[in-house]
Amino acid sequence: MTESRIIRAVRHQADVVILGAGPAGLVLGNLLHAAGVDCVILERAPRAQLAARPRAGFLAAHTVRILERHGLAEGLRRHGRQHAVCEFRTEDGSFRLDYGSLGRGERHTVYPQHLLVEDLLTHYQGIGGRVLFDSEALAVLDADGSRPRVTVREPDGRPQGWQARYVAGCDGRHGAARRSLPPGSVRHHRHDHGVSWLGLLAEAPPSLDAVGYAVHRRGFAGHMARTPAITRYYLQTERGTSAEDWSEDRIWEELELRMRSAEHGALHRGPIVQRAVVDLESDVLEPLRHGSLLLAGDAASLLSPSAAKGANLAVLEAELLAEALVADLLHGDGEALATYSQRCLRHVWRAQEFSHWMVRLLHPAPVHEPGAPFQEALRRSRLDSLRTSRSHQDWFAEHYVGV
């Protein structure tokens, strides 16, 4: 598209253009609209697809407080379930941690993310918020200036444009916000944990009343309840494995083996309705602001799913960004906006550190890796300390629930 065509396509304006209708974008949109800031959310997916994105469902206590503070917690109050127990099944025996009675005494609320997204979207539209579906942001232009522009492909394929005072990139690691950052404008920290999971969604009731972490010589297995009828499972698998390589019979046999069902009881089985392989990676951008373009959620940082921090960080960042934008746009106070990146990154790196610790705790060291026996002995020592040390348990509880 030529510059003249881009200019002609800029027909729409808002004080804040929000890219992405995930937790970060929707919390931000709700808070800005409620405060009287003119904003619009551009979402590349159709509305129906948002409700079909099963993601993490463990909300930290701080996340629940944010949602309650802004009147966004009605759904999770009605349907969310309190959760506060982990069960570790290891080669040296099993143990349970009631983390809700440790550390700061905080619990998780189990509420599937797609239900939270539906709640946030319904509330946003109910108060008159603008959201455009099937509208793919292609690029953010002139972020160095005071009037950035967003080029958009509309549902019919025609180009369109939005002009704003600020653009909030809440559109994930592969979205237009990240792609539009000029080379060298941010530091990009990346880490590949060298571990892959087969993520599974089973139409089966939970098999234990806890989050289950099983460490086995064949690899990690995880059990996380989603609803009374749906359970999320994880199986560590070889890098490069296809999800289609795993039949349902093979999946359940491997889960039974690694979860040590012979010792603890059989798993409740049911159809596997979703499966996908995910490579555990982490990345962080610094800073989270480039001129008038600000990042939140997965566009700001990506965590491995080992500690369920992604959605919780997204909600925290959205509140901080909303407060900063309201202060700047309505009161002419830019101080909070100037420190937005710094305040968020403190939480991001804390979450990254704990996520990395969990990865090392749950996965046996690869036998071909130099020093593998030493690393494996350290991992077993960490588990033993978590089993026996109250101070270690308090540390775990604080970081497991905190953001």
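Summarised in this report is the structure supplied together with it. No experiment lies behind these values; they were computed from the predicted model shown. Sequence order as written defines the numbering, with residues in each chain counted from 1. Reporting in this predicted model follows two pLDDT cut-offs: at least 70 for local features of residues, and 80 or more for side-chain atom pairs to be given and counted; totals over whole chains, interfaces and linings ignore these cut-offs and use all residues. Note: side-chain values were computed over all heavy atoms of the structure, leaving out hydrogens and water.

On to the sheet that holds strand β6 (residues 93–98), then. Strand order across the open sheet formed by eight strands is β6-β5-β13-β14-β15-β12-β16-β19, with mixed pairing between neighbours. The outermost strands of the open sheet, each flanked by one partner alone, are β6 and β19 (301–302). In this structure, strand β13 (residues 211–214) lies alongside strand β14 (residues 221–227), joined through three bridges in antiparallel fashion. Paired with Ala214 across the strands is Ala221, a residue of β14. Each of β5 (85–90) and β6 touches helix α13 (residues 372–388); the most contacted strand, β6, lies at about 50° to it. In this scheme, strands are said to pair when DSSP sees at least two bridges between them. Every helix listed is a DSSP run of H or I at least four residues long, and every strand listed is a run of E at least two residues long, numbered separately from the N terminus. Note on contacts: a residue pair qualifies if any of its non-hydrogen atoms lie within 4.5 Å across the two residues. The angle between two axes is taken between their N-to-C directions and runs from 0 to 180 degrees, where each axis is a line fitted to C-alpha atoms and a helix contributes only its stretch in contact.

Now for the pairing of β13. Burial along β13 is two-sided: Val211 and Tyr213 and Gly212 and Ala214, pointing in opposite directions, are all buried. Where β5 meets β13, four bridges bridge the pair, whose relative direction is parallel. Opposite Arg89, over in β13, you have Ala214 as the bridge partner. Two successive antiparallel strands, β13 and β14, enclose a turn made up of six residues, where Gly219 displays a positive phi of approximately 125°. Each residue's exposure class comes from its accessible area (1.4 Å probe, protein chains only) as a fraction of the maximum for that residue type: buried when under 20%, exposed when over 50%, partly exposed otherwise.

Here we come to helix α10 (residues 310–331). Helices are assigned an expected span. That span is 1.5 Å times one less than the residue count. Helix length check: α10 (22 residues) gives 31 Å between terminal C-alpha atoms against 32 Å at 1.5 Å per residue, within 8%. Most of α10 is tucked away: 17 of the 22 residues are buried. Just downstream of α10, Gly332 is the residue with a positive phi angle, here 70°.

Before going further, it helps to examine the pairing of β5. Counting buried positions along β5 gives six out of six residues, so the element sits mostly inside the fold. Neither face of β5 is open: one carries Val85, Glu87 and Arg89, the other Cys86, Phe88 and Thr90, and all of them are buried. Pairing between β5 and β6: six bridges, direction antiparallel. Its bridge partner being in β6, Val85 is matched across the sheet by Asp98. Where β5 folds back onto β6 in an antiparallel hairpin, the turn is made up of two residues.

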